[in-house]
Amino acid sequence: MTSIKTLLAGSVALFCLTSAAMAEDCKVGLTMPSLNAPYFAAQVAAVEKAAKDAGCEITTADSQSDFSKQINDVEDMVAKGINILIINPRDQEALVPAVNAATAAGVKVVAMDSTLNAKANFISLIRSSSDENGRLVGDWIAKKMKGTPIKMILISGNQGNPGGLERRMGVIKGIAEAQLVNEGAVNLQILGQGWGDWATDGGLKAAEDLLQAHPDANLVVGENDSMVLGAVQAAKAAGLDNILFAAAADGQREALAMIKDGTYGATGLNDPDLVGRTAFDIAYKAFKGELPADFPKEYFTPADVISKDNVDKYYNPESVF
């Protein structure tokens, strides 16, 4: 008769072999448009931790703001045998052929954060709602500045980015809707737009140029916190202290600290940790055959505007982002 000890030893050995096989079989590729902003770094950290916790191997690539390099990175990962691809695309159109080729090779592809043409063959796009976050921030701005004509300068990420477009148009829509409801007319003037490539240094340079040209601006809106933090530095250096600062999205730690002390107005909730973990979870379920067949092609995490009224709910001084 086989002893319990022998059975237990066999079960442990089988479990170890199964775990090792799963780790060997689960190979994840993660490709990012850039790592020049804390948001991207936090997203990478979230996906890498989730993959490792699941026993998967993971390879990460930084496209360095070059969609041609990102295409090559995807092709290299597929050639090396990944079976899960998580992509934050640099360009919604240019990456379509690479994504389609990965899917055709049997790779489970999930996009996150930045828009990818919905005609591409991937499982789902995971992100916060740029439109809804922007609208909530715009509504907050209109109520905060009620009775004051708004003279806004806009700091955008990179030209042609559909996520950036959704963010800024969401803010503009939110301001216009709230002014119409509460004041009966839209009193918004956009003085100029600059491009900050999603980074603090880029936001600083764009704001320097715009504030020099438009010193009467009373509102700076950026498409992410990093660029607005740069704009805050530019305004301070120029001696301009009558400006309200807001971002359409993110919830970066430094911005939330400034919201707490009243030197920054508001930002939209776009948690990179939540987006990253959710993207991996969905891709991993697809890999294991556990994802429902009717899972939506686009999946949004919750939206909110973070202001002094609720910042304590979201602020974490130990956050990576």
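All values derive from a computational prediction rather than experimental measurement. (Residues numbered from 1 in each chain as written. Predicted model: local features only at pLDDT ≥ 70, side-chain atom pairs only at ≥ 80, totals over all residues. Heavy atoms only, no water.)

**Q** Is there a simple way to explain the packing of aromatic side chains in this structure?
**A** Pairs of aromatic rings are described using the distance from one ring centre to the other and the angle between the two planes. Scanning the entire structure with this criterion turns up five aromatic pairs. Seen in terms of ring centroids, Tyr39 and Phe40 are 6.0 Å apart; in terms of plane orientation they differ by 70°. Their pairing is edge-to-face. Like Phe40, Tyr39 is buried. Relative to Tyr284, the ring of Phe280 lies with its centre 5.4 Å away and its plane at 15°, an arrangement referred to as stacked. A residue pair is termed a helical-turn pair when its members lie 3 or 4 positions apart in one helix, as Phe280 and Tyr284 do in helix α10 (residues 272-287) at four residues. Residue Phe280 is classed as buried on the basis of its relative accessible area of 4%. Aromatic rings pair up to connect Tyr39, Phe40 and Phe321 into one cluster. The ring of Phe122 has Lys297 sitting right over it, with the charged end atom 4.4 Å from the ring centre. (Phe/Tyr/Trp six-rings, centres within 6.5 Å; stacked < 30°, edge-to-face > 60°. Buried < 20%, exposed > 50% of the residue type's maximum accessible area, 1.4 Å probe, protein only. Helix = DSSP H or I, 4+ residues; strand = E, 2+ residues; numbered from the N terminus. Lys NZ or Arg CZ within 6 Å of the ring centre and 35° of its normal.)

**Q** What is the right way to read helix α2 (residues 38-53) from this model?
**A** In an α-helix, one turn spans 3.6 residues, which is why side chains three or four residues apart end up on the same side. When the terminal C-alpha atoms of α2 are compared, their 22 Å separation across 16 residues agrees well with the 22 Å that a helix rising 1.5 Å per residue should span. Restricting attention to buried positions, one finds in α2 the residues Tyr39, Phe40, Ala42, Gln43, Val44, Ala46, Val47, Ala50 and Ala51. Remark: Gly55 follows α2 within two positions and exhibits a positive phi of approximately 85°. (Expected span 1.5 Å × (residues − 1).)

**Q** Just to check I follow, could you spell out the pairing of strand β4 (residues 108-112) for this structure?
**A** Across a regular strand the side chains alternate sides, sitting on one face of the sheet and then on the other. Counting buried positions along β4 gives four out of five residues, so the element sits mostly inside the fold. Of the pairings in the sheet, the one linking strand β3 (residues 84-87) to β4 comprises four bridges and is parallel in character. Paired with Ile86 across the two strands is Val110, which belongs to β4. Inspection of the sheet shows β4 paired to strand β5 (residues 124-128) by three bridges, in the parallel sense. When the sheet's bridge partners are listed, Ala111 is paired in β5 with Leu125. (Pairing = 2+ DSSP bridges.)

**Q** What am I meant to see in the packing of α2 against α10 here?
**A** Angle between the axes and distance between the axes are the two parameters that describe a pair of packed helices. Put simply, α2 and α10 touch, their axes get as near as 8 Å, and they point 40° apart. Of the two possible hands of crossing, α2 and α10 adopt the one that is right-handed. Across the interface between the two elements, Tyr39, Ala42, Gln43, Ala46, Val47, Ala50 and Ala51 from α2 touch Pro272, Asp273, Val275, Gly276, Arg277 and Phe280 from α10. Per-class residue counts for the contact of α2 with α10 are nine nonpolar, two polar and two charged. (Axes fitted to C-alpha atoms, helices over the stretch in contact; angles between N-to-C directions. Left-handed = near helix turned anticlockwise from the far one by under 90°. Contact = heavy atoms within 4.5 Å. Nonpolar A, V, L, I, M, F, W, Y, C, P; charged D, E, K, R; others polar.)

**Q** Just checking my understanding: could you explain the sheet that holds β5 for this structure?
**A** Pairing between the strands of a sheet is mediated by backbone hydrogen bonds and can be parallel or antiparallel. In spatial order, the strands read β2-β1-β3-β4-β5-β11; together these six strands make up an open sheet with parallel pairing. The open sheet has two edge strands with one neighbour each: β2 (57-62) and β11 (298-301). The average undirected angle you get between the axes of adjacent strands in this sheet is 20°. Two strands pair when backbone bridges link them, and strand β1 (residues 27-32) and β2 are joined in this way by six bridges, in the parallel orientation. Bridging from a neighbouring strand, Thr31 pairs with Ala61 of β2.

**Q** Even after reading the chapter, I still don't get the pattern of salt bridges, so can you show me in this structure?
**A** When charged atoms on two side chains of opposite charge get close, those side chains can pair. On inspection of all chains with the given rule, the structure shows 17 salt bridges. Across the pair Asp53 and Lys49 runs a salt bridge, and its minimum N-O distance is 2.8 Å. Taken together, the residues span about one helical turn, with Asp53 and Lys49 both in helix α2 at a distance of four residues. On the basis of relative accessibility, which here comes to 56%, the residue Asp53 falls in the exposed class. (Salt bridge = Lys/Arg side-chain N within 4 Å of Asp/Glu carboxyl O.)

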